[in-house]
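Topology and contacts: notes
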Amino acid sequence: MSEITRVGIVGDGQLGRMLAEANNAASLGLEITVLGTGSPDGPKSPAAQIPGVRQIYGESLYDEEALTRLVELNDVTTIEVEHVDAVTLYNLRNDGHNIQPSPESLFTIQNKYRQKKHLEDRGLPVARYTGFRGAVGLAHARAYLGQALMVKSATGAYDGRGNLLVPANMEWASVEEKFGKDNPNLYAEGLVSFQRELSVVGVRDMAGRIATYPVVQTIHQDNICHTVLAPAEIGSRAAREAEDLGRATIEAFDGAGVFAVEMFHDEDDRILINEVAPRVHNSGHWTIEGAETSQFENHLRAIAGLPLGSTQMVSGYDAAVMVNLLGTRTGELDGRIVTDMRVDGMLYPHWYGKTLRPARKVGHVTVLAANMPAAEDMAEVALEELEDLL
Ligand code: ATP
Ligand code: MG
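Residues numbered from 1 in each chain as written. Chains lettered and ligands numbered in written order. Predicted model: local features only at pLDDT ≥ 70, side-chain atom pairs only at ≥ 80, totals over all residues. Heavy atoms only, no water.

1. Quick look at the coordination of the magnesium ion (ligand 2)
- Note on the magnesium ion (ligand 2): its protein donors are Glu 262 (OE) and Glu 275 (OE). The metal-donor distances range over 2.0 to 2.1 Å. Separated by 13 residues along the polypeptide, Glu 262 in strand β13 (residues 257-266) and Glu 275 in strand β14 (residues 271-277) bring together distant segments of the chain. Both residues of the pair, Glu 262 and Glu 275, belong to the buried class. (Donors = N, O, S within 2.8 Å, 3.2 Å for Na, K, Ca; no water. Helix = DSSP H or I, 4+ residues; strand = E, 2+ residues; numbered from the N terminus. Buried < 20%, exposed > 50% of the residue type's maximum accessible area, 1.4 Å probe, protein only.)

2. What about the pattern of salt bridges?
- Counting across every chain of the model gives 18 salt bridges.
- Between Arg 69 and Glu 65 there is a salt bridge, and its shortest N-O distance comes to 3.1 Å. Within this pair, Arg 69 and its partner Glu 65 are both found in helix α2 (residues 64-73), separated by 4 residues, close to a single helical turn.
- A single salt-bridge network, built from bridges that share partners, covers Lys 116, Lys 152 and Glu 189. (Salt bridge = Lys/Arg side-chain N within 4 Å of Asp/Glu carboxyl O.)

3. Looking at a negative patch on the surface
- On the surface, a cluster of negative charge is contributed by Glu 233, Glu 376, Asp 377, Glu 380, Glu 384, Glu 387 and Asp 388.
- Assignment of secondary structure puts Glu 376 in helix α11 (residues 372-387).
- A relative accessible area of 35% places Glu 376 in the partly exposed class. (Patch = residues over 30% accessible without salt bridge, like charges linked within 9 Å, V, L, I, M, F, W, Y side chains within 5 Å. Areas by Shrake-Rupley, 256 points an atom, 1.4 Å probe, with all protein chains shown as cover. Lys, Arg positive; Asp, Glu negative; His and termini not counted. Charge placed at Lys NZ, Arg CZ, Asp CG, Glu CD.)

4. Digging into the sheet that holds strand β2 (residues 31-36)
- With parallel pairing, the 4 strands of this open sheet are ordered in space as β3-β2-β1-β4. Looking at the sheet topology across the chains shown, the edges are occupied by β3 (54-57) and β4 (76-79). Direction aside, neighbouring strands of the sheet carry axes that sit 25° apart on average.
- Two strands pair when backbone bridges link them, and β2 and β3 are joined in this way by 4 bridges, in the parallel orientation. Paired with Gly 36 across the two strands is Tyr 57, which belongs to β3. (Pairing = 2+ DSSP bridges. Axes fitted to C-alpha atoms, helices over the stretch in contact; angles between N-to-C directions.)

5. Let's talk about the side chain of Glu 262
- For the buried residue Glu 262, which engages in no salt bridge, the nearest side chain bearing the opposite charge is Arg 279, 6.0 Å off.
- Polar side-chain contacts of Glu 262 include one of 2.9 Å to the side chain of His 281.
- Ignoring sequence-local partners within four residues, the contact set of Glu 262 consists of Leu 198, Ser 199, Leu 272, Ile 273, Asn 274, Glu 275 and His 281. (Polar contact = N/O pair within 3.5 Å; in protein donor to acceptor, adjacent residues only side chain to side chain. Contact = heavy atoms within 4.5 Å.)

6. Side note on the site of ligand 1
- Near ligand 1 there are 19 residues, and of these Lys 152, Gly 160, Glu 197, Asn 223 and Glu 275 occur at the shortest range.
- A distance of 2.9 Å separates an oxygen atom of ligand 1 from a polar side-chain atom of Asn 163.
- Between ligand 1 and Val 192, the relevant distance is 3.0 Å, taken from a nitrogen atom to a main-chain nitrogen or oxygen of the residue.
- Relative to its unbound accessible area of 610 Å², ligand 1 is 93% covered by the protein chains. (Near = heavy atom within 4 Å.)

7. Some remarks on the sheet that holds strand β7 (residues 163-166)
- The 4 strands are arranged β5-β8-β6-β7 in an open sheet whose pairing can be described as antiparallel. Since the sheet does not close on itself, it has two edges, and those belong to β5 (129-131) and β7, each with one partner. For this sheet, the mean angle separating the axes of adjacent strands, direction not counted, is 25°.
- In this structure, β5 lies alongside strand β8 (residues 186-190), joined through 3 bridges in antiparallel fashion. Among the inter-strand pairings, Gly 131 is bridged to a residue of β8, identified as Tyr 187.
- Helix-sheet contacts for helix α5 (residues 112-121) involve β5, β6 (149-153), β7 and β8, and the interaxial angle to β5 is about 130°.
- Sheet strands in contact with helix α7 (residues 172-179) are β6, β7 and β8, and its direction is about 170° off that of β7.

8. Description of α7
- Among all positions in α7, only Trp 172, Val 175 and Phe 179 are buried. All buried residues of α7 project into a common sector of 60° when viewed along the axis, lining one side. Opposite the packed face of α7, turned more than 90 degrees from it, sit the exposed residues Ala 173 and Glu 177.
- The elements touched by buried residues of α7 are α6 (134-145), β6, β7 and β8.
- One or two steps after α7, the chain reaches Gly 180, where phi turns positive at roughly 90°. (Arc of directions from axis to C-beta.)

9. Digging into the side chain of Thr 227
- Here Thr 227 shows up in strand β12 (residues 224-230).
- The exposure class assigned to Thr 227 is buried, which follows from its relative accessible area of 12%.
- Within the local environment of Thr 227, its side chain forms a polar contact with the side chain of His 226, the two groups lying 2.8 Å apart.
- If sequence neighbours within four positions are ignored, Thr 227 has contacts with Gln 217, Thr 218, Ile 219, Val 321, Met 322 and Val 323.

10. Quick look at the packing of helix α1 (residues 14-25) against helix α10 (residues 295-303)
- Where α1 meets α10, the axes come as close as 8 Å, and the angle between the chain directions of the two elements is 80°. Relative to α10, the element α1 lies roughly perpendicular. Contacts between α1 and α10 involve Leu 15, Met 18, Leu 19, Ala 22 and Asn 23 on the former and, on the latter, Phe 296, Glu 297, His 299 and Leu 300. (Parallel < 35°, antiparallel > 145°, perpendicular 65-115°, else oblique.)

Laid out in structure tokens, this is it:
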């Protein structure tokens, strides 16, 4: 294979930013160009603020001309968001361009209903679900899945914005109010009573080998990922089961790079897949400091045809806690940066170079400590200090 030095990334948000930071931190020497939807006159995107990153612009991430330009500029093109024009990427790949992960995987995953079907067809465990339309459809879905259910938009959703918990007494009108009249894109999932949510982040290299990071627990608030505990405090049997399921799930898709598998550990001790992300993921941010090689560096290594680095936790610490920093108002961050270091552990704040908006992820903080209670205590103290900024 010819040497890969130029990497294109569709999307220019915080995930692209952390990929670019990993390229610089690990001196991988890749030249990164990101495709975003802003304008050259506007503020620099989170990814373009990183030294060395080149930025190009499109009307949207479905802009065929812009995607083509990005792909033609680079030796390999990857994504930091799955809501992109997978068909254009498919055509470009068939013309001989290197696109990772595969456009087919993007196409399957970017529609949550299609993704569920894909997993179910391969015998992988998912919550019960059904497509439906309108008030009558909702009644049928309730008869099948239970009176209370989760209604989701199959496309375009992120950070829980396409989800609505529909309790038994909720009328169709309230569902319609959130998703719009006659929305053809809805489906319903049975409500899973889970003990906890888990995530397995794994990375596949060009030769098809998959390495996984330790299983983590994710804690969501209002459907948004809030806290990640690494490693998940579950027994070794459950951890092995989650890891095996994560690996089997990644094998159901193709292409090089990081995939994340979000899971439910339910009250009957079963592990079900919630959804798959074909990219670096919020549940892997802790790996920047907490693992020997971060998910970002390993993603770049994978797509550049380099050997993967170790996915083990760094030695000296047994626990990491990552907390997302969400805006609570509209405005600018005042720029103070907390770089406090404690005696028995360490605190690492990350800011994404974004303006504040309510519920917008503008940064995260990772704490490493000797054990989980210590890490959780420190994360709480850190959050209290940082909350004033948000
Ligand atoms: P994100 O971008 O944070 O992954 P998303 O928009 O893709 O969010 P989902 O992963 O589908 O949304 O759901 C977000 C959260 O909502 C889940 O992590 C879980 O806490 C809750 N949730 C989703 N589906 C179900 C379900 N079927 N039963 C119970 N809880 C659910
Ligand atoms: Mg999710």
